[in-house]
Amino acid sequence: MNDQINTERRYQSGFGNEYATEAVAGALPQGRNSPQRAPFDLYPELISGTAFTAPRHENRRSWLYRRQPSVVAGRYQPYEQTTWRTGGDRSVAAPPEPMRWHPAPLPADVANIDFIDGVHTMAANGDADSQHGLAAHVYLAGRSMERRAFVNADGEILFVPQQGRLVITSEMGVLEVKPGQIALMPRGVVFKVGLPDGPSRGYLCENYGAHFRLPELGPIGSNGLANARDFQAPVAACEEEAEVAYELVKKFGGRFWHAPTSHSPFNVVAWHGNLSPVRYDTANFMTIGSISFDHPDPSIFTVLTSPSDTPGTANCDFVIFPPRWLVMENTFRPPWYHRNVMSEFMGLVYGEYDAKPGGFKPGGASLHNLMVPHGPDEEAFDKASHADLKPQKLDNTLAFMFESRYRLIPTESALNSPTLDAGYADCWAGLKDQFKPG
Ligand SMILES: O=C(O)Cc1cc(O)ccc1O
Ligand SMILES: [Fe+2]
C-alpha cells in the first residue's frame, strides 16, 4: 500500500451501518464474533465507539480480525507536538470581536513536516477529559507518513482538505479524500496520512463530544441534505509487509506520546461493525433553500451534527455553504447581520463567500464567537441591496462552519499569528447611518 492514488479503491456505502469486509475471503467468522480460534488464526479485537450500554440507535462498535492485537506495542515516551492544543485555554484573553486569519502559508521546510507535526490549533473549547467541545485546527504538511501512525484518544477527527489530496490509511482500510470531500475518523482508530500532491493544507474539527451523526430532517422528510448512502467506508486492506517497525504516536488527554511497534498497525485482514472511518463528497449534498423570500437559517446546510445534552443545541454542527441557486424575491439575499448565541468558526475551501467577497480567502479562517456581531461586509451589503433579483447561481464556492454552543477560545499562537487580519473590523466601518425618514 502506498500513497499513490489508486483509482480502483473500493468503498462500502452508508453511514453507521453494519459494514462487513474481508481482504482475504473467509477471514470473517460466521455466526459469532469471537470463536475459539478465528479463521486463519487471526486475533479478534473489539473497538468501542460508545459505552457498551449506549442505546442501540447510538451504539457504535466494530470487530477487527488482525494479525497481531493492538496491545502488542512498545512502551510510550513523551512526544513533542506543541502546536496541537487540546481544550479551551481559559487563561487566554480572547477579545469579544470578530476575528479573521489570512491563509497560512506553507512553511519553507514543509517537505519535512508530516500530518502529525503539521497540525496548528486555531481555537478550541470544552475539554477532552469531560468529553465535550471541539478544536478547530489547520494542517500544513508536505511529507507522507510512511512508517508512522497516529491515534487520537481525545476525539474523532473531521478532515476538510483545502489544498492537496489525502490518502488516509486506517486500520479499517484506505480513504482517498480531495478538496470538496471530507473524511471522518473515529476516536481511537489508528491512521496515517499520505500526501500524493505534496504540500497540503486543510482544516480539522477535533470533536471531543458525542460522535458526529446525520441531522434530523424534520419536515424536510426522508431524503435530502447529506444522504446516508453517499458516505463511504473503506474495505479491509492489510498492509502486505506486516512485520515492519512502526512508530505509533498517540494523543491522550491532550499530551502526545510515542511508542515503537514491531509490526504494522494496518494489519487488519477483515472487520465488521458500525464504527468506521468514512468519506463524503460535498458535491452530493442536496441543498435546500428559500424559493419564496428571506434568507433561511444556516442550519439547512448541516452535514453532520454532534449533539450536546440540550436538544437542538449542538456541541458542534458541521455546516457547508455549497454552490446553489438564489431565487428569493424582495430579499436581501446574503446572510443577515446577526449575533448568535452559538460560536462560529469558518473556513473556505475554494471560491468566494457571499458575505465576504473580498477579504475571506481560500485557506483562511474566521471566528465569530457567541454574541459577537457580524454579517456581510460593506461591499456585500452594497451589492446585495441594489442587485437585480433575477435567479443567481452561487457557483464554484465551498465555505464551511464549525458551529458550537461553547465559546471558542483562540490559541495564543493564533492570536499572535502574522496571519491574523488586524484590519478585519474595518470591513464594516463604512456602513453609514442611511436612515431616511419619510
Ligand atoms: O455568519 C456567517 O457568515 C455564517 C452564517 C451564514 C448564514 O447564511 C446565516 C447565518 C450565519 O451565521
Ligand atoms: Fe454567523
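Criteria and cut-off values
Residues numbered from 1 in each chain as written. Chains lettered and ligands numbered in written order. Predicted model: local features only at pLDDT ≥ 70, side-chain atom pairs only at ≥ 80, totals over all residues. UniProt positions renumbered as here; feature names shortened; annotations may be inferred. Pairing = 2+ DSSP bridges. Helix = DSSP H or I, 4+ residues; strand = E, 2+ residues; numbered from the N terminus. Axes fitted to C-alpha atoms, helices over the stretch in contact; angles between N-to-C directions. Domains from an automatic or database assignment. Contact = placed C-beta atoms within 7 Å. Buried ≥ 20, exposed ≤ 12 C-beta atoms within 10 Å, placed from the backbone. Near = placed C-beta within 6 Å. Nonpolar A, V, L, I, M, F, W, Y, C, P; charged D, E, K, R; others polar. Core = buried A, V, L, I, M, F, W, Y, C linked by C-beta atoms within 7 Å.

Under an unreviewed UniProt entry, the name given to the protein chain is Homogentisate 1,2-dioxygenase, and the organism recorded is Ottowia thiooxydans. Its UniProt record gives the protein chain the following Cofactor (unreviewed entry) comment, quoted word for word: "Fe cation". The annotation that UniProt attaches to the protein chain under Sequence similarities (unreviewed entry) is "Belongs to the homogentisate dioxygenase family."

Now for the sheet that holds strand β19 (residues 268–273). In space, the four strands of this open sheet follow the order β2-β19-β4-β3, with antiparallel pairing throughout. The sheet is open, and its two edges are formed by β2 (19–22) and β3 (43–48), each paired on a single side. Going across the sheet, the axis of each strand differs from the next one's by a mean of 20°, ignoring polarity. As defined by bridge partners, β2 adjoins β19 across four bridges and the pair is classed as antiparallel. Looking at the pairing, E22 lines up with A270 of β19.

Look at the UniProt record and you will see "domain: Homogentisate 1,2-dioxygenase C-terminal" (unreviewed entry) annotated at residues 284–435. A distance of 44 Å separates the end C-alpha atoms of residues 284–435, which is 9% helix and 25% strand.

Assigned domains within the protein chain: domain 1 (18–282) and domain 2 (285–420). Just the C-alpha atoms count here: the centres of domain 1 and domain 2 sit 26 Å apart. Across the boundary between the two partners, domain 1 contributes 51 residues, which contact 48 residues of domain 2. Elements that contribute at least two residues to the side of domain 1 that touches domain 2 include exactly β6 (99–101), β7 (119–124), β8 (134–141), β10 (156–163) and β15 (200–207). Here the element with the most residues in the side of domain 1 that touches domain 2 is β7; it accounts for five residues.

This brings us to the pairing of strand β9 (residues 148–152). In terms of burial, β9 is a largely internal element, four of the five residues being buried. Here five bridges tie β9 to strand β17 (residues 246–252), and the two strands are oriented parallel to one another. The residue of β17 that forms the bridge with A149 is L248.

Not every positive phi belongs to a glycine, and Q131 is a case in point at roughly 60°. Residue classification places Q131 among the partly exposed positions, given that 15 C-beta atoms sit within 10 Å. A positive phi angle is found at L225, which is not glycine, with a value near 55°. With respect to the helices and strands, L225 occurs in the loop between β15 and β16 (232–234).

Moving on: the site of ligand 1. Taken together, P298, P335, N340, E344, A355, H368, H374 and M401 are the residues near ligand 1. Of the residues contributing to the shell around ligand 1, the split by class is four nonpolar, three polar and one charged.

Bringing the sheet that holds β6 into the picture now. Pairing in this open sheet of six strands is antiparallel, and the strands run β6-β25-β24-β27-β22-β21 from one edge to the other. Single-partner strands in this sheet number two, and they are β6 and β21 (302–306). Taken over all neighbouring pairs, the strand axes of this sheet differ in orientation by 15° on average, direction set aside. Pairing geometry for β6 and strand β25 (residues 365–368), over three bridges, is antiparallel. In the sheet register, M99 faces β25, and the bridge partner there is L367.

Attention shifts here to the environment of H102. Counting through the fold element by element, H102 comes out in the loop between β6 and β7. Using a count of 17 C-beta atoms within 10 Å as the deciding quantity, one classes H102 as partly exposed. For H102 and P39, which are 63 residues apart along the polypeptide, the C-alpha to C-alpha distance reads 54 Å.

What follows deals with the nonpolar core. Formed by 105 residues in total, the largest nonpolar core has its most connected members in Y65, A136, L158, F318 and F400. Broken down by element, the residue count for this core peaks at seven residues, all from β8. Shared between two domains, this core holds at least three residues of each, these being domain 1 (18–282) and domain 2 (285–420). Sequence-distant contacts of F400, that is, excluding residues within four places in its chain, are made with V160, F318, V319, I320, F321, M346, G347 and V349.

Glancing now at the UniProt feature "domain: Homogentisate 1,2-dioxygenase N-terminal" (unreviewed entry) in the protein chain. When the UniProt feature table is mapped onto this chain, "domain: Homogentisate 1,2-dioxygenase N-terminal" (unreviewed entry) is found at residues 10–281. Within the segment residues 10–281, helix and strand shares are 0% and 39% respectively, and the terminal C-alpha atoms sit 15 Å apart.

Two faces belong to every sheet, and in a regular strand the side chains alternate between them. Of all the eight residues making up β10, seven are buried; the element is thus mostly covered by neighbouring parts of the structure. Pairing of β10 with β15 involves seven bridges; the strand directions are antiparallel. From the neighbouring strand, V160 faces β15, where its bridge partner is Y203. The pairing of β10 with strand β13 (residues 181–185) spans three bridges and is antiparallel. Residue pairing across strands places I157 opposite M185, the latter belonging to β13.

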